Amino acid sequence: NLIGMGVLPLQFKDGQTAMAIHILQGERELASDCRSLARFDLRGIPPMVAGAAKIRVAYQVDADGLLSVSARELTSNVESRIEVKPSYGLGEEEITNMLQDSFSNAREDMQARALREQQVEADRMIEDLLAAIYKDGDALLDSEERRCLKVAIEELRELRETTKEHRPLARQIESVAKASEEFAARRMDASIRSALAGQTLDEIDKG
């Protein structure tokens, strides 16, 4: 009854090899407003680019009310599981109250969730762009371009920490994305040139 599941990355960096699985019960948009049932880790995930791992979470309740939850990374078939004893059950009154809370807080919950999603996106953009500047900034950007990008990153970081609204943050994320488009294109061109270096025209045609 009202069992939900969330998959939370321990980190969203390249090469991540583990994920924390948090099992929740409730109808609210944020995990902090739901009832925590259990946590377990899925470890041994092969290092991949951030976001590339595909995790399937499945759950099953048997006749005795025992909840079994499993998590499997689909590329490597690495799997982990946990069993939750029937103490997770709620009475009818508790379920009714839980549903009423979800209805009465629906608007605020949706706004809070939207803000959190944009905060995560901002964090990823800041980290990825700083890493790109560190790696290729000297070769692909002049001093003024590098300064402008760093200013844009700092403005995004400040807004991410201060705003309570998701829309301004989403607009700032889009602005930083546009400001970094040319840098991204140069990095892509450099990557292609590096990949093709040393290949003959015949090899390229066959590819």
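The number of helices and strands found in the protein chain is six helices and six strands. Across the 207 residues of the protein chain, 30% fall into the buried class. Residue pairs in contact within the protein chain that sit at least 24 positions apart in sequence constitute 54% of those at least 6 positions apart. Carbon and sulfur atoms make up 49% of the accessible area of the protein chain, which amounts to about 13,500 Å² in all.

Taken in spatial order, the three strands line up as E4-E5-E6 in an open sheet, and their pairing is antiparallel. Each edge of the open sheet carries a strand with a single partner, namely strand E4 (55-61) and strand E6 (79-84). Taking the axes of each pair of neighbouring strands and ignoring which way they run, one obtains an average angle of 15° across the sheet. Taken together, the seven bridges between E4 and strand E5 (residues 67-73) define a ladder with antiparallel strand orientation. Bridge assignment links Ala58 to a residue of E5, and that residue is Ser70.

With that out of the way, let us pick up the nonpolar core. Within the largest apolar cluster, 17 residues are counted, with the highest numbers of intra-cluster contacts made by Leu129, Leu156 and Phe183. Mapped onto this core, the elements with two or more residues apiece are helix H2 (106-140), helix H3 (143-162) and helix H4 (166-179). Considering every element that reaches this core, the biggest residue donor is H2, with eight residues. When near neighbours in sequence (up to four residues on either side) are disregarded, Leu156 contacts Ala122, Met125, Ile126, Leu169, Gln172, Ile173 and Val176. Core analysis: the second largest hydrophobic core is formed by 13 residues, Ala38, Phe40, Ala71 and Val84 among them.

A contiguous patch of negative charge, built from Asp14, Glu121, Glu127 and Asp128, is present on the exposed surface. Secondary-structure assignment places Asp128 in helix H2. The exposed category is assigned to Asp128, whose relative accessible area is 52%.

As a further point, take the packing of aromatic side chains. Taken as a whole, this structure holds zero aromatic pairs when the rule is applied. One Lys or Arg, Arg187, reaches over the ring of Phe183 and ends 5.9 Å from the middle of that ring.

What counts, and where the lines are drawn
Residues numbered from 1 in each chain as written. Predicted model: local features only at pLDDT ≥ 70, side-chain atom pairs only at ≥ 80, totals over all residues. Heavy atoms only, no water. Helix = DSSP H or I, 4+ residues; strand = E, 2+ residues; numbered from the N terminus. Buried < 20%, exposed > 50% of the residue type's maximum accessible area, 1.4 Å probe, protein only. Contact = heavy atoms within 4.5 Å. Areas by Shrake-Rupley, 256 points an atom, 1.4 Å probe, with all protein chains shown as cover. Pairing = 2+ DSSP bridges. Axes fitted to C-alpha atoms, helices over the stretch in contact; angles between N-to-C directions. Core = buried A, V, L, I, M, F, W, Y, C linked by side-chain atoms within 4.5 Å. Patch = residues over 30% accessible without salt bridge, like charges linked within 9 Å, V, L, I, M, F, W, Y side chains within 5 Å. Salt bridge = Lys/Arg side-chain N within 4 Å of Asp/Glu carboxyl O. Lys, Arg positive; Asp, Glu negative; His and termini not counted. Charge placed at Lys NZ, Arg CZ, Asp CG, Glu CD. Phe/Tyr/Trp six-rings, centres within 6.5 Å; stacked < 30°, edge-to-face > 60°. Lys NZ or Arg CZ within 6 Å of the ring centre and 35° of its normal.

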